Amino acid sequence: MVTRQRAYKFRFTPTAAQRKQLAVEFGCARFVWNRCLDWRSTAWKERQEKHTYVSLNRQVTVWKKTEFPWLSDATAGCLTQALIDQDKAFKNFFEKRGQYPRFKSKWDQQAVRYQLDQRHIKSTYSGGEFLKLPKLGFVKVRWSRIPTGIPKMATVSKDPSGRYFVAFSCEEVVEALPLTGVALGLDLGIKDVVVASDGWKSGNPRHLKGQLKHLKRQQRFLARKQKGSNRRRRQRQRVARIHAKIAAMRQDFLHKTTTALVQRADVIALEDLNVKGMLKNHHLAGAIADVGMGEFRRQIEYKAAWAGRKVIVVDRWAPTSKICSHCGSYQQKMPLSVREWTCPDCHARHDRDVNAANVILKFATAGNAGTDARGGGKNLGGHESLTPVEARTDAEKFIEAACLERAA
Ligand SMILES: [Zn+2]
């Protein structure tokens, strides 16, 4: 049996008293984070002293008894957790996986983490709709689904638009999806976010286009408000709410699309788009940043891993839109404006994106993922003779191999 870490995030509505206590928790955790970050940096710069959360935690205890007695109003576990998280941030920095830890601002997202023990869990699930947290008591959570695993930790956060969330991750048993016998190539693009080799098109919801005008207007209003004023604070929340809405719409679209694709196909072939490189091109930048290509790929990969599907990534330099998926001939020119074309060699009529998706599938299933097809000309490493029938057979071989792998 395979287990996976599954993340959950729910919205909740705290009472007035809980909001007050949470403001204390957020404030104290932020204070401890910032103060200790400063302490650590100075200790290292001036005395080459290394600190970990153990020594810093001791310092926090000293502060509680002397300079900052109000730190005792916060849950001790949350403060310790902030320091443990800071240790992790430093570790990531030293192992070149992240930037130097930064100070936290009260305008950013606020978060604290609670250690959960068995008592909290029992009251969570048996109580149905409540989660019990230290100093807060029962918190009313909107359970959109009930987790089956048991979380060890809960993160409570408040986003800049003033919404409260509780998040945790549970270890759960993975159930592989039944096989469908389908292999799909996917072309990621601008007109449609995804086009599949069987002709399916996702469309492009263009979230930003609709919301962008609105956002720009509200941002302009924000710039005009006097610093430190109540109106400015309210306007900042309004802008944050628009950002949150756009992000939610985008995530919704991506999750629905990736789930549907993973359910439909045993083998999914993708092109390794150099997203960063494409972002430099201004015409494409808006569209790509809008739909979140990197996030699309991340979702496909983890969902495929859970479902027991195979994902094949084709070399990013393969000129997929210039190759005929029917006969394999190579076209020297294929401007972005050409949406449909007829192959001069085999006279097959192609939709630009569906053809590209088919080429990606062919490259992937013929085991050509990672080959350099930049050579140009007709002779693309001998793949020009590959017919769709042969490609399908190869896809079937992959599905077979995937079955065997799973059985083992
Ligand atoms: Zn052709």
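Cut-offs and rules
- Residues numbered from 1 in each chain as written.
- Predicted model: local features only at pLDDT ≥ 70, side-chain atom pairs only at ≥ 80, totals over all residues.
- Heavy atoms only, no water.
- Helix = DSSP H or I, 4+ residues; strand = E, 2+ residues; numbered from the N terminus.
- Buried < 20%, exposed > 50% of the residue type's maximum accessible area, 1.4 Å probe, protein only.
- Contact = heavy atoms within 4.5 Å.
- Areas by Shrake-Rupley, 256 points an atom, 1.4 Å probe, with all protein chains shown as cover.
- Donors = N, O, S within 2.8 Å, 3.2 Å for Na, K, Ca; no water.
- Tetrahedral: all angles 85-135°; square planar, octahedral: opposite > 155°, others 65-115°.
- Pairing = 2+ DSSP bridges.
- Axes fitted to C-alpha atoms, helices over the stretch in contact; angles between N-to-C directions.
- Phe/Tyr/Trp six-rings, centres within 6.5 Å; stacked < 30°, edge-to-face > 60°.
- Lys NZ or Arg CZ within 6 Å of the ring centre and 35° of its normal.
- Core = buried A, V, L, I, M, F, W, Y, C linked by side-chain atoms within 4.5 Å.
- pLDDT = per-residue confidence, 0-100.
- Left-handed = near helix turned anticlockwise from the far one by under 90°.
- Nonpolar A, V, L, I, M, F, W, Y, C, P; charged D, E, K, R; others polar.
- Parallel < 35°, antiparallel > 145°, perpendicular 65-115°, else oblique.

A. How the structure looks around the overall build of the protein. A tally of regular secondary structure across the protein gives 11 helices and 12 strands. The buried share among the 408 residues of the protein stands at 40%. Taking as baseline every contact in the protein between residues at least 6 positions apart, the subset at least 24 positions apart corresponds to 69%. In the structure as shown, the protein presents an accessible area of about 22,900 Å², 54% of it carried by carbon and sulfur atoms.

B. Geometry of the coordination of the zinc ion. In this structure, Cys324 (SG), Cys327 (SG), Cys343 (SG) and Cys346 (SG) serve as the protein donors to the zinc ion, at separations of 2.2 to 2.3 Å. In this structure, the zinc ion is surrounded by four donor atoms whose angles at the metal cover 108 to 112°, and the resulting shape is tetrahedral. In terms of primary sequence, the donors binding the zinc ion are separated according to C-x2-C-x15-C-x2-C. Of this pair, Cys324 sits in the loop between strand E10 (310-314) and strand E11 (340-342) while Cys343 sits in the loop between E11 and strand E12 (349-351), placing them 19 residues apart in sequence.

C. Focus on the sheet that holds strand E7 (residues 183-188). In spatial order, the strands read E8-E7-E9-E10; together these four strands make up an open sheet with mixed pairing. At either margin of the open sheet sits one strand with a lone partner, and together these are strand E8 (194-196) and E10. Going across the sheet, the axis of each strand differs from the next one's by a mean of 25°, ignoring polarity. In this sheet, strand E9 (residues 267-271) lies alongside E7 in parallel orientation, the contact comprising four bridges. Paired with Ala183 across the two strands is Val267, which belongs to E9. Each of E7, E8, E9 and E10 is contacted by helix H10 (residues 352-365), which is oriented at about 125° to E7, the strand it contacts most.

D. Expanded view of unusual backbone geometry. For Lys96, which is not a glycine, the phi torsion comes out positive at approximately 60°. Within the secondary structure, Lys96 sits in the loop between helix H3 (76-94) and strand E2 (110-115). The exposure class of Lys96 is exposed, given its relative accessible area of 76%. Here the phi dihedral of His347 falls at roughly 60°; this positive angle occurs in a residue that is not glycine. By relative accessible area, which is 59% here, His347 ends up exposed.

E. Spotlight on the packing of aromatic side chains. Summed over the entire model, instances satisfying the criterion amount to 16 aromatic pairs. Seen in terms of ring centroids, Tyr8 and Phe10 are 6.0 Å apart; in terms of plane orientation they differ by 15°. Their pairing is stacked. Grouped by ring-pair contacts, the aromatic residues Phe31, Trp39, Trp63, Phe68 and Trp70 constitute a single cluster. Lying over the aromatic face of Trp306, Arg4 brings its terminal NZ or CZ to 3.9 Å of the ring centre. The cationic tip of Lys104 hangs over the ring face of Trp33; the distance from NZ or CZ to the ring centre is 4.1 Å.

F. View of the nonpolar core. Judged by nonpolar contacts, the single largest core of 33 residues is most densely connected at Val156 and Val166. For this core, the secondary structure elements donating two or more residues are strand E1 (3-11), helix H1 (16-47), helix H2 (53-65), H3, E2, strand E3 (130-133), strand E5 (153-158) and strand E6 (164-173). When residues no more than four places from it in sequence are discounted, the contact partners of Val166 are Tyr8, Lys9, Phe10, Phe12, Leu131, Val141, Ala154, Thr155 and Val156. Core analysis: the next-biggest nonpolar cluster, separate from the first, contains 17 residues, Leu184, Leu186, Leu261 and Ala307 among them.

G. Main features of the confidence of the model for the protein. For the protein, the average pLDDT comes to 81, and 80% of its residues sit at 70 or higher. Contacts for the low-pLDDT stretch residues 368-393, under 50 throughout, to residues beyond four places or in other chains number 40 contacts.

H. Spatial organisation of the environment of Thr259. Relative to the assigned elements, Thr259 resides in helix H6 (residues 230-264). Using a relative accessible area of 30% as the deciding quantity, one classes Thr259 as partly exposed. As for Thr259 and Ala304, which are separated by 45 residues in sequence, their C-alpha atoms are 8.9 Å apart.

I. Structural view of the packing of H2 against H3. The geometry of H2 relative to H3 is characterised by a closest axis approach of 9 Å and an angle of 145° between their N-to-C directions. By crossing handedness, the relation of H2 to H3 is classed as right-handed. In contact with Tyr53, Leu56, Asn57, Val60 and Lys64 of H2, H3 contributes Ala76, Leu79, Thr80, Leu83, Ile84, Gln86 and Asp87. A breakdown of the residues in the contact of H2 with H3 according to their chemical character gives seven nonpolar, three polar and two charged.

J. Spatial organisation of the pairing of E7. The element E7 is largely enclosed, with a buried count of six among its six residues. Neither face of E7 is open: one carries Ala183, Gly185 and Asp187, the other Leu184, Leu186 and Leu188, and all of them are buried. Bridge count for E7 against E8 is three bridges, and the pairing is antiparallel. Paired with Asp187 across the strands is Val195, a residue of E8.

K. The packing of H1 against H2, seen in detail. Direction vectors running N to C along H1 and H2 enclose 120°, while the axes themselves pass 11 Å from each other. Between H1 and H2, the angle is such that the two are oblique. With respect to the hand of their crossing, H1 and H2 are arranged in right-handed fashion. Only Tyr53, Leu56, Gln59, Val60 and Trp63 of H2 make contact with H1, whose side of the interface consists of Val32, Arg35, Cys36, Trp39 and Arg40.

L. Structural view of the sheet that holds E1. Pairing within the open sheet is antiparallel, and its four strands lie in the order E1-E6-E5-E2. Both edges of this open sheet fall to E1 and E2, since each of them pairs with a single strand only. Taken pair by pair, the neighbouring strands of this sheet meet at an average axis angle of 20°, ignoring direction. Strands in contact with H3 are E2 and E5; relative to E2, the strand with the most contacts, it is inclined by about 105°.

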